[in-house]
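Next come the chains, spelled out residue by residue.
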Amino acid sequence: MAHNILLDCDPGLDDALALLLAHGDPNLVLVGVTTVGGNVGLQNTTRNALQLREYLKFPAVPVSAGAAEPLTREVRDAAHVHGAGGLGNVVLPEATLPVTGQHAADFIIDTLRATPGAIHLVATGPLTNIAIALEREPAIARWAASFTIMGGSYTRGNATVAAEFNIWADPEAAKIVFAADWRVTMIGLDLTLQAQANSIVVDRLKTLGKLADELIVPLATFYFNPNMPDWDGQAVHDVCAVAYVARPDLFLTQPARVEVETAGEFTSGMTVVDFDAPAPNALVATKLDVNGFWAYVESVYARVAVEHTA
Ligand code: RIB
Ligand code: CA
């Protein structure tokens, strides 16, 4: 049975790879894309989403732009990871089709209201749009078939030692999201760092031809962290969140209570995860079937690559 997905994202290298998976998997139906400022500014994340839509040939999927800034914090981006434009050194043709003109939060509300229980909401950037949507219409927590984020960590962060970037960028939004009337599936760094596009994976991706040359491989190899001693390749964080909706069998999850630190001087944006809490509000992903994950992702990418041979 196909799963409908609404993807809120901040493309971004791995957001783009997640969009490719959401578009390419025949068991997923991408019903909408909303953009948020995050890795780079909203203008760039939205431009990237619009360009990817046309380059990957899903022009009928609406794209709605959302929040340019966090609810209360200063804008903090990850351009040092994703490049100034957000897609590393990938250059795509200018988009010819526009955004919807509706705010992302209102698009999320209207889309979920129209088909309660039928759409899986996935967020792979800061949670600002989701928080705004919840504030405007708390019922989206019930209307979403499920809600999955790439974000958080129950060990170390990446934006700071305590906080993962998507939560760190807008902790107040994340607090609202985890307090809402749904169970958040948290695909955090503990899981996503198991999904590194290492040299063996990249060599297989390189066999996919033009799409790999122009998009997949440059996105998957742009960032290198010389400070990480055990660096084995760029983690495709956001791909894991979309993959969870399609193939939850590849993931181990545990119920937990997740609280978001918003006041800490050194810990702001930390997800405090209690696996023993009596009242869990989340499912936290702990283990990935790595070989199964890459077999799945590469099979979907190969399927799309066939459309990009000319
Ligand atoms: O910490 C990784 C997350 O931050 C990913 O979503 C990446 O795209 C960045 O937004
Ligand atoms: Ca992202």
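Refer to the structure presented above.
Summary of the structure given here. Note that the structure is predicted; figures quoted are calculated from it, not measured. (Residues numbered from 1 in each chain as written. Chains lettered and ligands numbered in written order. Predicted model: local features only at pLDDT ≥ 70, side-chain atom pairs only at ≥ 80, totals over all residues. Heavy atoms only, no water.)

## Some details on the layout of surface pockets
Unoccupied space between atoms shows up once a probe the size of one water molecule is rolled over them.
Thought 1: Looking at the largest pocket, its volume works out to about 790 Å³.
Thought 2: In terms of lining residues, the largest pocket is bounded by 37 residues, among which N158, A159, L189, Y223 and H237 are the most central.
Thought 3: At the level of secondary structure, the elements contributing two or more residues to the lining of the largest pocket comprise α1 (13-24), α3 (79-82), α7 (165-169), α9 (189-192), β8 (234-235) and α12 (237-246).
Thought 4: Of the residues contributing to the lining of the largest pocket, the split by class is 14 nonpolar, 15 polar and 8 charged. (1 Å grid on protein atoms, 1.4 Å probe; cavity = no way out; pocket = protein on both sides within 12 Å on 5 of 7 lines; lining within 4 Å. Points joined across faces, edges and corners; volume = space filled by probe spheres on them. Helix = DSSP H or I, 4+ residues; strand = E, 2+ residues; numbered from the N terminus. Nonpolar A, V, L, I, M, F, W, Y, C, P; charged D, E, K, R; others polar.)

## Quick look at the coordination of the calcium ion (ligand 2)
Thought 1: Bound to the calcium ion (ligand 2) on the protein side are D10 (OD), D15 (OD), D15 (OD), T124 (O) and D238 (OD), at distances that span 2.2 to 2.5 Å.
Thought 2: Positions of the donor residues of the calcium ion (ligand 2), expressed as sequence spacing, correspond to D-x4-D-x108-T-x113-D. Taken together, the positions of D15 in helix α1 and D238 in helix α12 put the pair 223 residues apart, joining distant regions of the chain. (Donors = N, O, S within 2.8 Å, 3.2 Å for Na, K, Ca; no water.)

## Focus: the packing of α1 against helix α13 (residues 290-305)
Thought 1: Between α1 and α13, the shortest axis-to-axis distance is 9 Å and the interhelical angle comes to 75°. Relative to α13, the element α1 is oriented roughly perpendicular. Contacts between α1 and α13 involve L17, L20, L21, H23 and G24 from the former and Y296, V297, V300, Y301, R303 and V304 from the latter.
Thought 2: Residues belonging to the contact of α1 with α13 are distributed by class as follows: 8 nonpolar, 2 polar and 1 charged. (Axes fitted to C-alpha atoms, helices over the stretch in contact; angles between N-to-C directions. Parallel < 35°, antiparallel > 145°, perpendicular 65-115°, else oblique. Contact = heavy atoms within 4.5 Å.)

## Regarding the packing of α1 against α12
Thought 1: Two numbers describe how α1 lies on α12: the axes approach to 6 Å, and their chain directions differ by 25°. Here α1 is positioned roughly parallel relative to α12, judged by the angle of their axes. Handedness of the α1/α12 crossing: right-handed. In this structure, α1 contributes D14, D15, L17, A18, L21 and A22 to the contact, and α12 contributes H237, D238, V239, V242 and A243. (Left-handed = near helix turned anticlockwise from the far one by under 90°.)

## Focus on the pattern of salt bridges
Thought 1: As enumerated under the stated definition, the model contains 8 salt bridges in all.
Thought 2: The shortest N-O distance in the salt bridge between R136 and D106 comes to 3.0 Å. Of this pair, R136 sits in helix α5 (residues 128-136) while D106 sits in helix α4 (residues 104-114); the two residues are 30 residues apart in sequence, bridging distant segments of the chain.
Thought 3: Judged by its relative accessible area of 27%, D106 is partly exposed.
Thought 4: With a shortest N-O distance of 4.0 Å, E137 and R113 are connected by a salt bridge. Of the two residues, E137 sits in the loop between α5 and α6 (140-143) while R113 sits in helix α4, which places them 24 residues apart along the sequence.
Thought 5: Relative accessible area serves as the criterion here: at 21%, E137 is assigned to the partly exposed category.
Thought 6: According to the relative accessible area criterion, R113 is partly exposed, its value standing at 40%.
Thought 7: Residues participating in the shared-partner salt-bridge network are D110, R113 and E137. (Salt bridge = Lys/Arg side-chain N within 4 Å of Asp/Glu carboxyl O. Buried < 20%, exposed > 50% of the residue type's maximum accessible area, 1.4 Å probe, protein only.)

## Notes on the nonpolar core
Thought 1: In this structure, F293 and Y301 are the most contacted members of the largest nonpolar core, which totals 64 residues.
Thought 2: Among all residues touching Y301, those that are not within four sequence positions of it are L17, L20, L21, L205, L208, L211, I216 and V239. (Core = buried A, V, L, I, M, F, W, Y, C linked by side-chain atoms within 4.5 Å.)

## Digging into the sheet that holds strand β6 (residues 184-187)
Thought 1: Across the sheet, which stays open at both edges, the 9 strands sit in the order β3-β2-β1-β4-β5-β6-β11-β9-β10 with mixed pairing between neighbours. The two strands at the open ends of the sheet, each matched to only one other strand, are β3 (63-65) and β10 (271-274). Averaged over all neighbouring strand pairs, the angle between strand axes comes to 30°, with direction disregarded.
Thought 2: Relative to β10, strand β9 (residues 251-260) is paired through 4 bridges, and the arrangement is antiparallel. The residue of β10 that forms the bridge with E259 is V272.
Thought 3: Packed onto the sheet, helix α8 (residues 171-179) meets β5 (146-150), β6, β9 and β11 (282-288) and runs at close to 115° relative to β9. (Pairing = 2+ DSSP bridges.)

## A closer look at the site of ligand 1
Thought 1: Contacts to ligand 1 come from 13 residues, most closely from D14, T124, N158, E164 and D238.
Thought 2: At a separation of 2.6 Å, an oxygen atom of ligand 1 approaches a polar side-chain atom of D14.
Thought 3: Between an oxygen atom of ligand 1 and a main-chain N or O atom of T124, the distance comes to 2.9 Å.
Thought 4: For ligand 1, whose unbound accessible area comes to 270 Å², protein coverage reaches 97%.
Thought 5: More than half of the atoms of ligand 1 fall within 2 Å of the grid points belonging to the largest pocket.
Thought 6: Those elements that provide at least two residues to the shell around ligand 1 are α1, α7 and α12.
Thought 7: Considering only residue class, the shell around ligand 1 consists of 2 nonpolar, 6 polar and 5 charged. (Near = heavy atom within 4 Å. Polar contact = N/O pair within 3.5 Å; in protein donor to acceptor, adjacent residues only side chain to side chain. Areas by Shrake-Rupley, 256 points an atom, 1.4 Å probe, with all protein chains shown as cover. Sits in = over half its atoms within 2 Å of the grid points.)

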